[in-house]
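Chains, contacts and geometry: an overview
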Amino acid sequence: MIRKASVMYVYRDKFDEYKERHDQLWPEMEQVLKEHGVSNYSIFLHEPTAMLFAYLEAESEDKHASIAETEVCQRWWAYMQDIMQTNPDHSPVSETVKEVFHLN
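Okay, so let's go over this structure.

Definitions and limits used
- Residues numbered from 1 in each chain as written.
- Predicted model: local features only at pLDDT ≥ 70, side-chain atom pairs only at ≥ 80, totals over all residues.
- Heavy atoms only, no water.
- Helix = DSSP H or I, 4+ residues; strand = E, 2+ residues; numbered from the N terminus.
- Buried < 20%, exposed > 50% of the residue type's maximum accessible area, 1.4 Å probe, protein only.
- Lys, Arg positive; Asp, Glu negative; His and termini not counted.
- Salt bridge = Lys/Arg side-chain N within 4 Å of Asp/Glu carboxyl O.
- Polar contact = N/O pair within 3.5 Å; in protein donor to acceptor, adjacent residues only side chain to side chain.

Some words on the side chain of E57
The residue E57 is located in strand β3 (residues 51-58) in this model. Among buried Asp, Glu, Lys and Arg side chains, E57 stands out as unpaired, with R3 the closest opposite charge at 5.8 Å. Of the polar contacts made by the side chain of E57, one reaches the side chain of N40; its length is 3.1 Å. Within the structure, the side chain of E57 is placed 2.8 Å from the side chain of Y55, a separation counted as a polar contact.

Describing the pattern of salt bridges
Applying the stated rule across the entire model yields 9 salt bridges. The partner of R21 in a salt bridge is E17, with the nearest N and O atoms 2.7 Å apart. Residue R21 and its partner E17 are located together in helix α1 (residues 15-23), separated by 4 residues, close to a single helical turn. On the basis of relative accessible area, R21 is assigned to the buried category, the value being 8%. Judged by its relative accessible area of 29%, E17 is partly exposed. Close ionic contact of D23 with K19 constitutes a salt bridge, the shortest N to O distance being 2.9 Å. One end of the pair is D23 and the other is K19, both in helix α1 and 4 residues apart, which spans about a single turn. With respect to burial, D23 and K19 carry one shared label: exposed. Overlapping salt bridges bring together E17, R21 and D82 as one network.

Written out as structure tokens, the structure reads:
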């Protein structure tokens, strides 16, 4: 099991929309995440900076990375690109956060 964390950025006038879309996560997107070994997935919003902090656990780095190749993930990225910073392929602009401490 691996732990992953990253930061992304949502547009300031889209905080509520971002939460609403995740409250209504597509069942097929949830299924893809679970099929690729993702569990314990949370996203937090730091409103003063419009920064999203994402944390998840996954079975392996390779399985997690392969989510991006799925049709469902590609559609989700396109769906989200109007409310957050994205790359040309619609994937979220994301920076990996390095783990420096863990208490088990």
